[in-house]
Amino acid sequence: MAFDKKLLITGGAGFIGSHVVRRFVTQYPNYQIFNLDALTYAGNLENLSDIETASHYVFIKGDITDASFVMTLFETHRFDGVIHLAAESHVDRSITDPMAFVHTNVNGTVHLLQAARSIWKDSYEGKRFYHVSTDEVYGTLGATGLFTETTPYAPNSPYSASKAASDHFVRAYGETYGLPYVLTNCSNNYGPNHFPEKLIPLCIHNIIQQKPLPIYGNGLYTRDWLYVLDHARAIDLVFHQGRNHETYNIGGFNEWKNIDLVRLLCELMDTRLGRPAGTSAQLITFVKDRPGHDLRYAIDATKIHTELGWQPSVTFEEGLAETLDWYLTHPEWLEQVTSGRYQTYYQTHYLD
Ligand code: NAD
Ligand code: TYD
């Protein structure tokens, strides 16, 4: 069958990537969709079991840090578009092992850019490199203000520094070689398939298990939370309609202090688990703060709203209800991802 486009999605077995792959596979039967993922601890093909047999979907296990593998892959398949999500994504891990973040997030991104530039060198017509990034590149906000697309980069963690560096390389390939790109910087996502090293799924998992809920520092740090399916929808829009060489900020208009969010999770979970009100809140435990902890993230998403008509489609209440129900009806997913290496991570990070 002749396809309209050959699209490479990297990191498609991860949290956000799996929702992006599912969206593109279901919305675009006329695209051939390749999912390239190294299946690190964060990648899980179970996330895609419902679409894995689609005839226009191809999974490739491979590593974006392997330059010759990446080049050969591009030469073989001659992709028209790339949506790049593969990354090391957890701030706490970046504090322990910054070089892994340089390796994957910086080197890996540049290998992809090189390969795209190489196969597209005769014509950029109909080609697009989409780099998925984070609002953390902007550093931290004080009590007021919002990140806009022109906020200067000021990353504070090795994770955000590595993402900032990758963003700069994408921009540089656009300026220097004319590579057609779009870039988005999104706030914290939540939803099904979120690995339980991040705050929301970690708390859901620990509430179920009746284990302590670790709150870093005083718990007054603020994040803006967006439902992952709304992020996937934004990526679809920007990929197809975003202006070339532009950045779009994506956010949930939904700021929560960590402690308030965890208290809300406790209440909602008590109701669902049939536990007396107040049971899970007793698990809240204040622990040592994260070094370089950013106080507050909040996004001004006016540009994507005015230009592309995007806004979140679900309220936080609705998104959290979907999320909690998903975790409660998929105990085998949590069981699978929290066995083995997760135990070692957890022991080292929280109990040392
Ligand atoms: P994740 O950690 O859940 O998934 C990352 C995926 O990349 C995994 O499937 C992993 O196997 C794969 N991967 C890692 N190294 C690889 C390599 N060397 N080669 C090929 N595949 C590799 O991450 P996520 O939360 O889904 O984030 C996806 C992207 O979105 C990242 O680029 C992240 O910076 C960005 N982002 C995340 C958030 C968030 O809240 N999670 C917010 C904004 C932006
Ligand atoms: P996280 O989910 O790691 O996302 P990010 O650091 O990329 O924003 O953390 C969200 C917030 O929750 C952040 O302020 C750190 C805090 N946090 C805790 O208080 N305890 C935890 O165990 C974790 C993982 C995070």
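In what follows, the structure referred to is the one given above.
Residues numbered from 1 in each chain as written. Chains lettered and ligands numbered in written order. Predicted model: local features only at pLDDT ≥ 70, side-chain atom pairs only at ≥ 80, totals over all residues. Heavy atoms only, no water.

(A) Local environment of the pairing of strand β8 (residues 213-216). Burial along β8 is two-sided: Leu 213 and Ile 215 and Pro 214 and Tyr 216, pointing in opposite directions, are all buried. By the bridge criterion, four bridges tie β8 to strand β12 (residues 284-287) in an arrangement that is parallel. Bridge assignment links Pro 214 to a residue of β12, and that residue is Thr 285. (Buried < 20%, exposed > 50% of the residue type's maximum accessible area, 1.4 Å probe, protein only. Helix = DSSP H or I, 4+ residues; strand = E, 2+ residues; numbered from the N terminus. Pairing = 2+ DSSP bridges.)

(B) Just the site of ligand 2, in detail. The immediate surroundings of ligand 2 are formed by 17 residues, with Glu 136, Arg 223, Arg 290, His 293 and Tyr 350 found nearest. Within the contact set of ligand 2, an oxygen atom lies 2.9 Å away from a side-chain nitrogen or oxygen of Asn 258. Between ligand 2 and Tyr 350 there is a distance of 2.5 Å, counted from an oxygen atom to a side-chain nitrogen or oxygen. Coverage of ligand 2 by the protein chains reaches 98% of its 510 Å² of free accessible surface. The leading source of residues in the shell around ligand 2 is β8, at three residues. Looking at the shell around ligand 2, its residues break down into eight nonpolar, four polar and five charged. (Near = heavy atom within 4 Å. Polar contact = N/O pair within 3.5 Å; in protein donor to acceptor, adjacent residues only side chain to side chain. Areas by Shrake-Rupley, 256 points an atom, 1.4 Å probe, with all protein chains shown as cover. Nonpolar A, V, L, I, M, F, W, Y, C, P; charged D, E, K, R; others polar.)

(C) Empty space enclosed by the protein, seen in detail. As enumerated under the stated definition, the model contains one cavity of 30 Å³ or more in all. Volume-wise, the largest cavity comes out at about 50 Å³. Around the largest cavity sit Val 91, Glu 136, Ser 157, Ser 160, Arg 290, Pro 291, Gly 292, His 293, Asp 294 and Tyr 297, which together line it. Of the residues in the lining of the largest cavity, the class split is three nonpolar, four polar and three charged. (1 Å grid on protein atoms, 1.4 Å probe; cavity = no way out; pocket = protein on both sides within 12 Å on 5 of 7 lines; lining within 4 Å. Points joined across faces, edges and corners; volume = space filled by probe spheres on them.)

(D) The arrangement of the packing of aromatic side chains in detail. What the rule picks out here adds up to 21 aromatic pairs. Consider the rings of Phe 101 and Tyr 159, whose centres lie 6.3 Å apart with planes at 85°: the pair is edge-to-face. Residue Phe 101 is found in helix α4 (residues 98-119), and its partner Tyr 159 is found in helix α5 (residues 158-177); the two are separated by 58 residues along the sequence. Accessibility expressed as a relative area gives 1% for Phe 101, which makes it buried. Ring centres of Tyr 138 and Tyr 153 lie 5.5 Å apart, and the angle between their planes is 90°; this geometry places the pair in the edge-to-face category. Linking Tyr 138 in the loop between β5 (128-134) and α5 with Tyr 153 in the loop between β5 and α5, this pair joins segments that are 15 residues apart in sequence. (Phe/Tyr/Trp six-rings, centres within 6.5 Å; stacked < 30°, edge-to-face > 60°.)

(E) Structural detail: the sheet that holds strand β9 (residues 222-227). Taken in spatial order, the three strands make up an open sheet running β7-β9-β11, and their pairing is mixed. A strand with exactly one partner marks an edge of an open sheet, and here the two such strands are β7 (188-190) and β11 (255-257). Sheet twist, expressed as the mean angle between neighbouring strand axes with direction ignored, is 50°. Where β7 lies against β9, three bridges are found, and the strand directions are parallel. Along β9, the bridge assignment pairs Asn 189 with Leu 226. Sitting on the sheet, helix α7 (residues 228-241) is in contact with β7 and β9, with an inclination near 70° to β9. (Axes fitted to C-alpha atoms, helices over the stretch in contact; angles between N-to-C directions. Contact = heavy atoms within 4.5 Å.)

(F) Up close: the site of ligand 1. Near ligand 1, the surroundings consist of 29 residues, among which Ile 16, Asp 37, Ser 89, Tyr 159 and Lys 163 are the closest. Contact between ligand 1 and Leu 39: an oxygen atom at 3.5 Å from a main-chain N or O atom of the residue. Measuring from a nitrogen atom of ligand 1, one finds a backbone N or O atom of Ile 64 at 3.0 Å. For ligand 1, whose accessible area on its own is 840 Å², the fraction buried by protein is 96%.

(G) A look at the environment of Thr 40. Residue position: Thr 40 is located in the loop between β2 (31-37) and β3 (57-61). Residue classification places Thr 40 among the partly exposed residues on the basis of a relative accessible area of 34%. Thr 40 sits 310 residues away from Tyr 350 along the chain, and the two C-alpha atoms are 21 Å apart. The residues touching Thr 40, leaving out its near neighbours within four places in the chain, are Glu 88 and Arg 341.

(H) Structural view of the nonpolar core. Formed by 39 residues in total, the largest nonpolar core has its most connected members in Ile 9, Phe 24, Ile 83, Tyr 130 and Ile 304. Sorting elements by how many residues they give to this core places α7 first, with six residues. Once residues lying within four places of it in the same chain are set aside, the contact partners of Tyr 130 are Val 82, Ile 83, His 84, Val 182, Thr 184, Ala 234, Ile 235, Val 238, Phe 239 and Ile 250. Listed in part, the 32 residues of the second largest apolar core include Tyr 41, Ile 200, Leu 261 and Leu 334. (Core = buried A, V, L, I, M, F, W, Y, C linked by side-chain atoms within 4.5 Å.)

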